[in-house]
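These are the residues of each chain, in order.
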Amino acid sequence: MPELPEVEVTRRALEPLVGRRIRAVVVREPRLRWPVPPELAGFVGRRLRAVRRRGKYLLLDCGGAHLILHLGMSGSLRLVRAGTPAGPHEHVDIAIAGRLVLRLRDPRRFGAVLCTGGAPEMHPLLAHLGVEPLAPEFDGARLHALARGRRISIKQLLMDARRIAGLGNIYASEALFLAGIHPARRASSLSAACCARLARAIRRTLRAAIRAGGSTLRDFVGADGTTGCFQLHARVYGRAGEPCRRCGAPIRRFVQGQRASYYCPRCQR
DNA sequence: CCGACAACCTGTGAGC
DNA sequence: TGCTCACAGGTTGTCG
């Protein structure tokens, strides 16, 4: 379920580990989106300096060298106590001083665990990521500039990580509803005022989702993993046929760029 | 530049 | 109950 807010909530949950050393790395299944590199073993003994996020990537700064984590479609991280037996699809453990284990579970194995000795933003997967939607420089003007001259639909622009990093299918849909913009609208057709409204809607949607997930942070350590974290009161996503929460018209679903899109035909133009 | 499509995987829920 | 099918929150790469 991970889009930017879920990754950010996870990042915050890992912050208390900063300052501790990595005691061991266990890879039970290296076949993720890309093979888990054997160089991971070289992180044993390193101290965790910071936990950052770039788009949907988690960056564990180990003093120069970085671990790069991506949760893909179905990945999640949990902190468990050392000695906890691994369940199905729990592919990678990063054992931390203090009898804790950072455990990656990823049934579909679309996630990734990678590492780099250089600057993580230079890593090929991160080098071409676009603007952070929660960074101060992301505003209506920036969005308007990104959309100028683009013939693609606004929803596909929002989900293009090379332009805006971290927006996925759910939050793109929800933000477009909040801004009253039809997902199939040509990006270049949005006025500056429209872009300002949309940029605000994006930030508001992401912040609300982070807040909702953040309230369950306490459950992160030692939870059974099935706690309904990250619950979102979806206004359109996954609600085809159900009444719009604002006007009552039935929510519609259509396929756009291979992904399901949901919108209210009356509220979104 | 753009859209369409396939690929990587497994789990789940709907319908029969 | 058990089977089959459609579909799922991400990303990369190819083709026309």
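The rules behind these values
Residues numbered from 1 in each chain as written. Chains lettered and ligands numbered in written order. Predicted model: local features only at pLDDT ≥ 70, side-chain atom pairs only at ≥ 80, totals over all residues. Heavy atoms only, no water. Salt bridge = Lys/Arg side-chain N within 4 Å of Asp/Glu carboxyl O. Buried < 20%, exposed > 50% of the residue type's maximum accessible area, 1.4 Å probe, protein only. Pairing = 2+ DSSP bridges. Helix = DSSP H or I, 4+ residues; strand = E, 2+ residues; numbered from the N terminus. Core = buried A, V, L, I, M, F, W, Y, C linked by side-chain atoms within 4.5 Å. Contact = heavy atoms within 4.5 Å. Near = heavy atom within 4 Å. Polar contact = N/O pair within 3.5 Å; in protein donor to acceptor, adjacent residues only side chain to side chain.

**Section: the pattern of salt bridges**
Then, number 1: One pass over the full model with this rule turns up 15 salt bridges.
Then, number 2: For Glu 15, the salt bridge is made with Arg 11, and the minimal N-O distance between the two is 3.3 Å.
Then, number 3: Judged by its relative accessible area of 13%, Arg 11 falls in the buried class.
Then, number 4: Through salt bridges with shared partners, a single ionic network connects Glu 8, Arg 11, Arg 12, Glu 15, Arg 53, Arg 54 and Glu 132.

**Here's the deal with the pairing of strand E2 (residues 50–54)**
Then, number 1: With five bridges joining them, E2 and strand E3 (residues 57–61) adopt antiparallel strand pairing. Residue pairing for E3: Arg 52 is matched across the bridge by Leu 59.

**Looking at the pairing of strand E6 (residues 90–96)**
Then, number 1: The buried fraction of E6 is high, at seven of seven residues.
Then, number 2: Relative to E6, strand E1 (residues 22–27) runs antiparallel, the two being bridged by five bridges. Bridging from a neighbouring strand, Val 26 pairs with Asp 93 of E6.
Then, number 3: Bridge analysis of E6 against strand E7 (residues 100–105) gives six bridges, and the strand direction is antiparallel. The partner of Ile 96 across the bridge, within E7, is Leu 100.
Then, number 4: Between E6 and E7, which pair antiparallel and follow one another directly, the connecting turn spans three residues, one of which, Gly 98, has a positive phi of 105 degrees.

**Structural notes on the nonpolar core**
Then, number 1: Counting 29 residues, the largest nonpolar core has Leu 143, Ile 154, Leu 158, Ile 164, Ile 181, Leu 198 and Ile 202 as its most contacted members.
Then, number 2: Elements supplying a minimum of two residues to this core: helix H1 (4–14), helix H2 (140–147), helix H3 (154–158), helix H4 (169–179) and helix H5 (192–214).
Then, number 3: Non-local contacts of Leu 198, meaning those with residues more than four positions away in its chain, are made with Leu 143, Ile 154, Leu 158, Ala 175, Leu 176, Ala 179, Ile 181 and Leu 190.
Then, number 4: Of all hydrophobic cores here, the second largest spans 27 residues; its members include Leu 40, Leu 60, Leu 69 and Cys 115.

**A word on the protein's contact with DNA strand C**
Then, number 1: The full set close to DNA strand C counts 19 residues, and Arg 33, Lys 56, His 70, Tyr 237 and Arg 259 are the nearest of them.
Then, number 2: Within 4 Å of the protein, the contacting atoms of DNA strand C are drawn from sugar and phosphate to the extent of 56%.
Then, number 3: A distance of 2.8 Å separates a sugar or linking oxygen of DNA strand C from a polar atom in the side chain of Arg 33.
Then, number 4: At 2.6 Å, a side-chain N or O of Tyr 237 approaches a phosphate oxygen of DNA strand C.

Keep in mind these numbers describe shape, not what the thing actually does.
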